[in-house]
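Given next are the chains, with one letter for each unit.
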Amino acid sequence: AVTAKGFAPIATVPTSRTGSLQGTASPIVEKESFQRSLLAAQLANKKTNGKKAEDAPPVNIGWDSHKPVDKAPDSLVRPGDGPDGNYPMRARFEQMIREAQISITDAIEKIDGKATFQEDSWIRANGGGGMSRVLKDGAVFEKAGVNLSVVYGSMPQEALQAATERGVDRAKGMAPGERVPFFACGLSCVMHPRNPHCPTMHFNYRYFETDGGVWWFGGGTDITPAYLNEDDMRHFHGTYKEVCDRHDPEFYPKFKAWADKYFVISHRNETRGLGGIFFDDLNDREPEKLFEFAKDAVNSVVPAYGPIIEAHKDDPFTEHQKQWQLMRRGRYVEFNLVYDRGTVFGLKTGGRIESILMSLPETARWEYDHHPEPGSPEADIMDAFKHAREWV
């Protein structure tokens, strides 16, 4: 096992809830931190101390740095690329998420019964690459995507701090202005069904390393319904509670509360959806144990989500219900473009644009000053968006 050097104990996330989003840490602070970090990135591109610029890839990898290929190589992880670190774990994590990408897309194709996933592969000259699988115009899913990426690069220390949950000095011991080499490998997914009674689902599981032996795991799975079905929420959350309990009984309450906090649309004082689990900077035990947890969680996506879609994909719905679904999709877009760390950081550092914006729905709606009718199903789920609930 590789021991992480210089990392602080993982922050404790409170599990008690006040029943309201008031007092939740504002993601606006994170956005301002990103803006400061990106300015620092621009300055760092002009001059660096410590490592010379030619010793490391640029912070902004570049919009045209992704070379399409007919088929991705058997592995996008190459020993010797990126910072020194746990090369076997990098390769194992990539292999694990490759297998998950295939199994999840196969299962979703069977549920849809019409459309299939299109795969695009690409590589980068400085190492890494990715594979995007996107389904569109399906019988059940308007759009679904599962993206795999392996990224090598370097960034200013401030940008690295802004890209993680904890504002800690992960580059301890480095000279001022010295850039931080990093490695990241992850699988991300968003699925937008057609039927308003079928919820949207998102997941992301990732492994990250930086220079000096610092490493961590992050990720989670969350659900965003337009209409509240408590049986569905008990199934979804119950599945992930079972996953968490197999590894640590403290995981579910901690990571459920973390999701409730993270997926807040601060300017609306409401959550994007009804949560799930979310974790970041996880390195408080052996990497092998955390790898097994991430593997269990990503392989539980279909058992947690598939039965809900199967149960509701043929439910009748009205035009009013469809319009409400499109308005909730608008909220989804707001969160992803304003607050989501992965989206904002990818856009500002030259990531592959089609993969980054894959998370957005094909159709959405904004209606001026809309308020659900009191006592309506729309008002019921709005209360759940504003006051976090326990499902299991």
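In case you missed it, the structure is sitting above this.
So, how was this worked out
- Residues numbered from 1 in each chain as written.
- Predicted model: local features only at pLDDT ≥ 70, side-chain atom pairs only at ≥ 80, totals over all residues.
- Heavy atoms only, no water.
- Phe/Tyr/Trp six-rings, centres within 6.5 Å; stacked < 30°, edge-to-face > 60°.
- Helix = DSSP H or I, 4+ residues; strand = E, 2+ residues; numbered from the N terminus.
- Buried < 20%, exposed > 50% of the residue type's maximum accessible area, 1.4 Å probe, protein only.
- Lys NZ or Arg CZ within 6 Å of the ring centre and 35° of its normal.
- Core = buried A, V, L, I, M, F, W, Y, C linked by side-chain atoms within 4.5 Å.
- Arc of directions from axis to C-beta.
- Contact = heavy atoms within 4.5 Å.
- Salt bridge = Lys/Arg side-chain N within 4 Å of Asp/Glu carboxyl O.

Trainee: Could you clarify how one ought to interpret the packing of aromatic side chains in this entry?
Mentor: Each aromatic ring pair is characterised by the separation of its centres together with the angle its planes make. Enumeration according to the criterion identifies 24 aromatic pairs in this entry. On the basis of an interplanar angle of 45 degrees and a centroid distance of 6.3 Å, the ring pair of Tyr205 and Phe279 is categorised as tilted. Linking Tyr205 in strand E6 (residues 200–210) with Phe279 in strand E10 (residues 276–282), this pair joins segments that are 74 residues apart in sequence. Overall, the relative accessible area of 1% leaves Phe279 in the buried class. An angle of 40 degrees between the planes, with centres 6.0 Å apart, marks the rings of Phe255 and Phe293 as tilted. In this pair, Phe255 sits in helix H5 (residues 251–262) while Phe293 sits in helix H6 (residues 287–298), placing the two residues 38 residues apart along the sequence. Overall, the relative accessible area of 0% leaves Phe255 in the buried class. Members of the aromatic cluster, each reached through a chain of ring pairs, are Phe203, Tyr205, Phe251, Phe255, Trp258, Tyr262, Phe263, Phe278, Phe279, Phe293, Phe335 and Tyr339. The cationic tip of Arg92 hangs over the ring face of Phe291; the distance from NZ or CZ to the ring centre is 4.2 Å. Over the face of the ring belonging to Trp122 we find Arg352, whose NZ or CZ atom lies 4.4 Å from the ring centre.

Trainee: Explain the nonpolar core here, please?
Mentor: Nonpolar side chains in soluble globular proteins generally cluster together in the buried interior. Counting 76 residues, the largest nonpolar core has Phe141, Met191, Phe203 and Phe217 as the members making the most contacts within it. Sorting elements by how many residues they give to this core places helix H2 (residues 87–112) first, with eight residues.

Trainee: Just to check I follow, could you spell out helix H11 (residues 377–386) for this structure?
Mentor: One turn of an α-helix holds 3.6 residues; hence residues three or four places apart share an orientation. All buried positions along H11 are accounted for by Glu378, Ile381, Met382, Ala384 and Phe385. All buried residues of H11 project into a common sector of 155 degrees when viewed along the axis, lining one side. Where H11 is buried, its residues touch strand E9 (270–271) and helix H8 (319–338).

Trainee: Explanation requested: the environment of Lys67 in the structure shown.
Mentor: Note on placement: Lys67 falls in strand E1 (residues 66–69). A residue is classified by how much of its surface remains accessible, and Lys67, at 53% relative accessible area, is exposed. Spatially, the C-alpha atom of Lys67 lies 5.2 Å from that of Trp122, the residues being 55 residues apart in sequence. Residues within four places of Lys67 in sequence aside, it is in contact with Ser121, Trp122 and Ile123.

Trainee: I tried to follow the pattern of salt bridges on my own but got confused; where do I start?
Mentor: Two side chains bearing opposite charge may form a pair once their charged atoms approach each other closely. Applying the stated criterion across every chain, the model contains 26 salt bridges. Among the salt bridges present, the one from Arg90 reaches Glu209, with a minimum N-O distance of 2.6 Å. In this pair, Arg90 is assigned in helix H2 and Glu209 in strand E6, connecting sequence segments 119 residues apart. Its relative accessible area of 0% is what places Arg90 among the buried residues. Here Glu209 falls in the buried class, since its relative accessible area comes to 2%. Where salt bridges share partners, they join Arg92, Glu288 and Glu292 into one cluster.

Purely geometric numbers; function is a separate question.
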